[in-house]
Amino acid sequence: MKIALLGYGKMGQVIERIALERGHEIVLQKSSTSTYEGLEIADVAIDFSIPDSAVCNIKQCFDTNIPVVCGTTGWLEHYNEMVSLCEEKNGSFIYGSNFSLGVNIFFELNNYLAKMMSKFNQYKVSMEEIHHTQKLDAPSGTAISLAKGVIENSDYTSWTIEKPIENQIYIDAKRIENVPGTHSIFYDSSVDQIEIKHTAHNREGFALGAVIAAEWLVNKKGVFTMKDVLNLDR
């Protein structure tokens, strides 16, 4: 399989190594200063760029009829626009706030726990996410996905990184050197605390998941998620 890498930072380089180990060929390593030359011969593109570049990269893939897997976060105000464009262009698109197998299992655990805990009003939900200091967006896309999972399964209506009001989930976003990603959800009452937590040890899990998603997406049409890739529907 021929893969175009849109974004060639630390994640792009790990994805490249894993893709090569799995027998794939890299036909484009696009940085912010290079062109899209090579995209047209790719079987699939993987975008781990920056928020300001992601929408342009995705549009370019749709225009070139190249399936695209996007793991860049911080641009989601344009997500519905990209979904509509994908449908208009009969394209192939997967967006994931996190491609790690463990995190996607964690998403499902979070949804299940939120639904269970919605019956117990004495517990208040809060979250913490910790990432490396190079991460541009805060809170992380993964934290936002986790918050949405709680909101969809409870009476909470929104999330905030400021002082929360009623029915808001507080997200404490921290940036610490050399932390790949840690996400915790807390349920606090006056007598105890329930916590679920996912800790990434390195970027390998994110990169492997992105490559697996790219392998899965080839020859499919439509908009998908990692739940489709990993068949996680209960």
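Owing to the predicted nature of the structure, the values given are computational and were not obtained by experimental measurement.

Engineer: Which parts of the structure should I look at to understand the pairing of strand 5 (residues 92-95)?
Structural biologist: If a strand is regular, its side chains alternate between the two faces of the sheet. Neither face of strand 5 is open: one carries S92 and I94, the other F93 and Y95, and all of them are buried. Bridge analysis of strand 4 (residues 68-70) against strand 5 gives three bridges, and the strand direction is parallel. Note that in strand 5 the partner of C70 across the bridge is Y95. Note that the unit made of strand 4, helix 3 (residues 79-88) and strand 5 has a crossover that is right-handed. Judged from the three bridges that link them, strand 5 and strand 11 (residues 222-224) form a sheet pairing that is parallel. Looking at the pairing, I94 lines up with F224 of strand 11.

Engineer: Honestly, helix 4 (residues 101-117) in this entry has me stumped. Any pointers?
Structural biologist: In an α-helix there are 3.6 residues to a turn, and that puts residues three or four apart on one side. Compared with an ideal rise of 1.5 Å per residue, which puts 17 residues at 24 Å, helix 4 spans 24 Å between its outermost C-alpha atoms and is within 8% of the ideal. Considered for burial, the residues of helix 4 that qualify are V103, N104, F106, F107, E108, N110, N111, L113, A114 and M117. Next to the buried residues of helix 4 lie helix 5 (141-152), strand 9 (181-188), strand 10 (193-200) and helix 7 (226-230). For helix 4, the side-chain oxygen to backbone nitrogen distance between the N-cap and G102 is 3.2 Å, and the N-cap itself is S100.

Engineer: What is the right way to look at the nonpolar core in this model?
Structural biologist: Note that soluble globular proteins tend to have their nonpolar side chains buried in a common cluster. In terms of nonpolar packing, the biggest core is built from 26 residues, with I15, I46, V69, I94 and F99 touching the most fellow members. It is helix 6 (residues 204-217) that contributes the most residues to this core, seven residues altogether. If near-sequence neighbours (up to four positions away) are discounted, F99 is found in contact with F48, V69, C70, G71, I94, N104, G205, F206, G209, A210, A213 and M226. Formed by 22 residues, the second largest nonpolar core is a distinct cluster that contains Y36, V68, W75 and M82.

Engineer: Explain the sheet that holds strand 11 to me, please; I cannot follow it from the model alone.
Structural biologist: Pairing between the strands of a sheet comes from backbone hydrogen bonds, and it takes one of two forms, parallel or antiparallel. Spatial ordering of the open sheet is given by 2-1-3-4-5-11, a layout of six strands whose pairing is parallel. Either end of the sheet is taken by a strand with one partner, and the two such strands are strand 2 (25-30) and strand 11. Strand-to-strand, the axes of this sheet are offset by a mean angle of 15 degrees, without reference to chain direction. Pairing analysis gives four bridges linking strand 1 (residues 2-6) to strand 3 (residues 44-47), with the strands arranged parallel. Across the sheet, L6 pairs through a bridge with D47, a residue of strand 3. Where helix 2 (residues 51-64) meets the sheet, it contacts strand 1, strand 2, strand 3, strand 4 and strand 5, and its direction lies at approximately 165 degrees from that of strand 4.

Engineer: Sorry, what's going on with the pattern of salt bridges here?
Structural biologist: Here the idea is simple: oppositely charged side chains can pair when their charged atoms come close. Per the counting criterion, the structure on display carries ten salt bridges. Measuring nitrogen to oxygen at the nearest pair gives 3.3 Å for the salt bridge that ties R17 to E21. In this pair, R17 and E21 are both assigned in helix 1 (residues 10-21), four residues apart and thus about one turn of the helix distant. We classify E21 as exposed; its relative accessible area is 58%. Residue E128 is joined to K174 by a salt bridge in which the shortest nitrogen-to-oxygen separation is 2.9 Å. Of this pair, E128 sits in strand 6 (residues 124-131) while K174 sits in strand 8 (residues 168-175); the two residues are 46 residues apart in sequence, bridging distant segments of the chain.

Engineer: In this structure, what is going on with the packing of aromatic side chains? I would like to understand it.
Structural biologist: Describing an aromatic ring pair means giving the distance of the ring centres and the angle of the ring planes. Under the definition given, this model contains seven aromatic pairs. Ring centres of F62 and F93 lie 5.7 Å apart, and the angle between their planes is 90 degrees; on these two criteria the pair is classed as edge-to-face. Remark: F93 occurs in strand 5 and F62 occurs in helix 2; sequence separation between them is 31 residues. In this structure F62 comes out as buried when scored by relative accessible area, which is 4%. By relative accessible area, F93 is classed as buried at 0%. Geometrically, the ring pair formed by W75 and Y79 is tilted, given 6.3 Å between the ring centres and 50 degrees between the ring planes. Classification of W75 by relative accessible area gives buried; the value is 1%. A connected cluster of aromatic rings, assembled from ring pairs, spans F62, W75, Y79, F93 and Y95. Here K30 stacks its cationic end above the ring of Y36, 4.8 Å away from the centre of that ring.

Cut-offs applied
Residues numbered from 1 in each chain as written. Predicted model: local features only at pLDDT ≥ 70, side-chain atom pairs only at ≥ 80, totals over all residues. Heavy atoms only, no water. Buried < 20%, exposed > 50% of the residue type's maximum accessible area, 1.4 Å probe, protein only. Helix = DSSP H or I, 4+ residues; strand = E, 2+ residues; numbered from the N terminus. Pairing = 2+ DSSP bridges. Right-handed = clockwise from strand over helix to strand, strands pointing away. Expected span 1.5 Å × (residues − 1). Contact = heavy atoms within 4.5 Å. Polar contact = N/O pair within 3.5 Å; in protein donor to acceptor, adjacent residues only side chain to side chain. Core = buried A, V, L, I, M, F, W, Y, C linked by side-chain atoms within 4.5 Å. Axes fitted to C-alpha atoms, helices over the stretch in contact; angles between N-to-C directions. Salt bridge = Lys/Arg side-chain N within 4 Å of Asp/Glu carboxyl O. Phe/Tyr/Trp six-rings, centres within 6.5 Å; stacked < 30°, edge-to-face > 60°. Lys NZ or Arg CZ within 6 Å of the ring centre and 35° of its normal.

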